[in-house]
Amino acid sequence: MKTQNNKAWFLVLPVLILVSISAIIPLMTVVNYSVQDTFGNNEFFWVGTEWFQEVLNSERFLNALKRTLLFSALILAIEIPLGIFIALAMPKRGIGVSFCLVLMALPLLIPWNVVGTIWQVFGRVDIGLLGHGLASLGFDYNYTQNVFDAWVTLIIMDVWHWTSLVVLLCYSGLVAIPEVYYQAARIDGASRWSVFRFIQLPKIKRVLLIAVLLRFMDSFMIYTEPFVVTGGGPGNSTTFLSIDLVQMAVGQFDLGPAAAMSLVYFLIILLVCWIFYTIMTSFDAQAAASQKKG
Amino acid sequence: MASIELKNIAHQYPSEDKSGPYALSSLNELWQDGGAYALLGPSGCGKTTLLNIISGLLQPSEGRVLFDGVDVTDLSPEKRNIAQVFQFPVVYDTLTVAENLAFPLKNRGMAKDKISERVAEILSMLGLSDRANEKAHSLTADDKQKISLGRGLVRTDVKAILFDEPLTVIDPHLKWQLRTELKKIHQQFRHTMIYVTHDQTEALTFADKVIVMYGGSVLQIGTPEELFETPAHTFVGQFIGSPGMNILKANVDGALAIVDRIQVALPGNYRKIDDEVELGIRPEYISLSQTEGIQAETVSIDDVGKHIIVRCRLEHQIVSVIVPEGTSIPDKPRLVFAQDKINIYQNAVLVRPTG
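Residues numbered from 1 in each chain as written. Chains lettered and ligands numbered in written order. Predicted model: local features only at pLDDT ≥ 70, side-chain atom pairs only at ≥ 80, totals over all residues. Heavy atoms only, no water.

**Structural notes on the overall build of chain B**
Helices and strands together make up the secondary structure of chain B, namely 9 helices and 22 strands. Expressed as lengths along the three principal axes of its C-alpha atoms, the size of chain B is roughly 75 × 50 × 40 Å. Counting across all 355 residues of chain B, residues that qualify as buried make up 54%. With an accessible surface of roughly 15,700 Å², chain B has 49% of that area assigned to carbon and sulfur atoms. (Helix = DSSP H or I, 4+ residues; strand = E, 2+ residues; numbered from the N terminus. Buried < 20%, exposed > 50% of the residue type's maximum accessible area, 1.4 Å probe, protein only. Areas by Shrake-Rupley, 256 points an atom, 1.4 Å probe, with all protein chains shown as cover.)

Pasting the structure below:
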């Protein structure tokens, strides 16, 4: 084959430089820390995979991982069905549409730490509307002391903050379904459940998968809100991976283990992304195959 | 199976303008039990609106719908027991082909063995037996539309089967096959069938009676032959046939019409008409001659394969003529109008001769 003109590489050079400054170089620094130890004076010693072994075998890491996974699982189990349900209940036309959309978008516009602060105050037993209200109704609610209360508060806060995203994604999928499908279902005498099961759910499958992916990623990496509300407590009960990581790196200045932990954390997220990507491209391949036949 | 009666049906789609146009205006029709009807008309003439009113997907703004004399206007499509096939394929993606066909039966609580028996029949009729267990989303558009058709035909107890341009997405060679199949099904089971289309060939080959619609009203109901020979409205004349009927401005007095200062003999006596009068004659019923007839001038010649379409100019007006293949066409032909095939229209509506 004839030698191609290689000048095109120069055109992608600016992007390569920017990406290496913003992503590759910092990442390599982390990799660098993860395989070395230091006693100050900028002296480093090669330790190989020691930090990784330590992290993977440490009770602390595994507990934080379990907590984070449990948190993500609960978030998905609540937000996805609830989001679908709200999207189904939203009006498809008329003046109600813009009202609902704006209402749904509002929580998404609030910065993370503000959400945390809102709920931190909202749940306080002494002055918070929720905390004080529950207390005066006779409930023994205190998220700073009770593990269960802390989890409930964090989960309700996340549901409040992020269910809208699932709703908006599902809603966009639902309004894209042509009216004729509903007409055909009425002619076929389909029940409300059949319409959902055989028309709506298959048609919103793709956006739903994106919603699951986004909600998983975001809840798995959650940091700011629990940090503001509970600070990881009571005890370590709401210390998720990200909070633990920051404590280790910034609080204790254990750069080696923190770097190793970051990489493990990163790889877990990468793995999940890859799984989702594979599922989604297999949907695409199916769609393309049926298109081709058509 | 049922007769379908429409009483003063009118429909106006909701819009801000209350005095806006009616999609349908004041229809009164009675369609016989077991008939095959075609609703024919250009896009936007209200065909689909009318179909959806009959099936109950749409509530008419005015009027009542009666099946076998029973008022069903307020009943849902399910309660009316209607089957309807839509223009674009609707399949339940996650179900198999067989499950798709079984879906309407299952929803009505039919016994399992009856369902599988009926589904097998429909599958073999549509030629989909070997794909029965494939997922519906993997099929081609053609096959998907076959499934849609199949779901319309699978129930035997329906009052009527409505088709909304069902063959639009189907390949031409399959179109013929499916249309013949539908006609056969109609002859076998005598369901009342209503078939919406803007394709005249489809309407004329499928239906016993064709209903021509335009601008939300029915212009004519008739057999294909009636529509061809004596269109009740100039629109029907022009819409049916290829090319459509020649509509020429004329003056009529007694048994003579004057077209572009030329006298044309009419099939009967007409009273004197002062309004706008037009003479209609099909291109099939005009022949070219060297010796007799109206002097004209050839404007264009289109050889469409099975015959030749010649456009001629009289003094001002253009006339289309269909002549057989191989006819030699002079520059200045003479046109002979078949006298008994001429129709006269007053304000676009057919006028019958008085004697």
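**Examining the nonpolar core**
With 85 residues, the main nonpolar core has W31(B), L39(B), L50(B), I54(B) and I194(B) as its most contacted residues. Sort the elements by how many residues they give to this core and helix 9 (residues 192–220) of chain A lands first, with 13 residues. Beyond its immediate stretch of four places on either side in the chain, I54(B) contacts I4(B), L6(B), W31(B), F67(B), R80(B), I82(B), L162(B) and I194(B). (Core = buried A, V, L, I, M, F, W, Y, C linked by side-chain atoms within 4.5 Å. Contact = heavy atoms within 4.5 Å.)

**A word on the environment of Y270(B)**
Structurally, the position occupied by Y270(B) is in strand 13 (residues 262–270). Remark: the alpha-carbon pair of Y270(B) and L256(B), spanning 14 residues in sequence, is separated by 8.4 Å.

**Some points on the packing of helix 5 (residues 141–153) of chain B against helix 6 (residues 172–189) of chain B**
Residues and elements named next belong to chain B. With their axes 13 Å apart at the nearest point, helix 5 and helix 6 run at an angle of 5° to one another. As far as their axial angle goes, helix 6 and helix 5 are roughly parallel. Facing helix 5, whose interface residues are D142, K146, L149 and L153, helix 6 presents L174, L178, L182 and I185. (Axes fitted to C-alpha atoms, helices over the stretch in contact; angles between N-to-C directions. Parallel < 35°, antiparallel > 145°, perpendicular 65-115°, else oblique.)

**Quick look at unusual backbone geometry**
Residues and elements named next belong to chain B. S242 connects to P243 through a cis peptide bond whose omega is -5°. Mapped onto the secondary structure, P243 falls in the loop between helix 9 (234–239) and strand 11 (246–249). At N8, a position not held by glycine, the phi torsion is positive, near 50°. By the secondary structure assignment, N8 is in strand 1 (residues 4–11). In this structure, D260 is a non-glycine residue whose phi angle is positive, near 45°. What makes D260 buried here is its relative accessible area of 12%.

**So, the side chain of D143(B)**
Residues and elements named next belong to chain B. Summarising the element assignment, D143 is placed in helix 5. Residue D143 is classed as buried on the basis of its relative accessible area, which comes to 11%. Here the side chain of D143 touches R131 through a polar contact of 3.1 Å, side chain to side chain. For D143, the residues in contact, after removing those within four places along its chain, are L128 and R131. (Polar contact = N/O pair within 3.5 Å; in protein donor to acceptor, adjacent residues only side chain to side chain.)

**With respect to the sheet that holds strand 15 (residues 286–289) of chain B**
Spatially, 15-20-16 (chain B) is the arrangement adopted by the 3 strands of the open sheet, whose pairing is antiparallel. Here the strands that pair on one side only, and so sit at the sheet edges, are strand 15 and strand 16 (294–295) of chain B. (Pairing = 2+ DSSP bridges.)

**Quick notes on the interface of chain B and chain A**
Size of an interface: often given as the accessible area lost when the parts come together. Of the residues lining the interface, 29 residues belong to chain B; the matching set on chain A comes to 20 residues. Carbon and sulfur atoms supply 59% of the area buried between chain B and chain A, which totals about 2,000 Å² over both sides. Broken down residue by residue, the surface that chain B buries against chain A is led by L57(B), F86(B) and Y92(B), which jointly contribute 23%. Across the pair K203(A) and D93(B) runs a salt bridge, and its minimum N-O distance is 3.2 Å. Connecting chain B to chain A are 7 residue pairs in polar contact (both at pLDDT 80 or more). (Buried area = accessible area lost by both parts, 1.4 Å probe. Salt bridge = Lys/Arg side-chain N within 4 Å of Asp/Glu carboxyl O.)

**Describing the sheet that holds strand 6 (residues 82–85) of chain B**
Residues and elements named next belong to chain B. With mixed pairing, 6 strands are arranged side by side in an open sheet as 6-7-8-3-9-10. Across the chains shown, the open sheet's two edge strands, defined by having one partner strand only, are strand 6 and strand 10 (217–222). Strand-to-strand twist across the sheet, computed as the mean angle between neighbouring axes with direction ignored, equals 15°. Summarising the sheet, strand 3 (residues 36–40) and strand 8 (residues 192–197) pair through 5 bridges and their orientation is parallel. Paired with Y37 across the bridge in strand 8 is I194.

**Some details on the packing of helix 4 (residues 112–126) of chain B against helix 5 of chain B**
Residue and element names in this part refer to chain B. Relative orientation of the contacting elements helix 4 and helix 5 amounts to 135°, with a least axis distance of 10 Å. With respect to each other, helix 4 and helix 5 are oriented oblique. Note that helix 4 runs across helix 5; the crossing there is right-handed. In this structure, helix 4 contributes R118, I122, M125 and L126 to the contact, and helix 5 contributes K146, G150 and L153. Its residues assigned to classes, the contact of helix 4 with helix 5 comprises 4 nonpolar, 1 polar and 2 charged. (Left-handed = near helix turned anticlockwise from the far one by under 90°. Nonpolar A, V, L, I, M, F, W, Y, C, P; charged D, E, K, R; others polar.)

**Digging into the packing of aromatic side chains**
Here the distance between the centres and the angle between the planes together describe a pair of aromatic rings. The final tally for this structure, using the stated rule, is 20 aromatic pairs over all chains. Taken together, the ring pairs connect F71(A), W151(A) and F240(A) into an aromatic cluster. One cation-aromatic arrangement involves R118(B) over F189(B); the distance from NZ or CZ to the ring centre is 6.0 Å. It is R179(B) that lies over the ring of W176(B); its NZ or CZ is 4.6 Å from the centre. (Phe/Tyr/Trp six-rings, centres within 6.5 Å; stacked < 30°, edge-to-face > 60°. Lys NZ or Arg CZ within 6 Å of the ring centre and 35° of its normal.)

Don't take any of this as a statement about function, it's just geometry.
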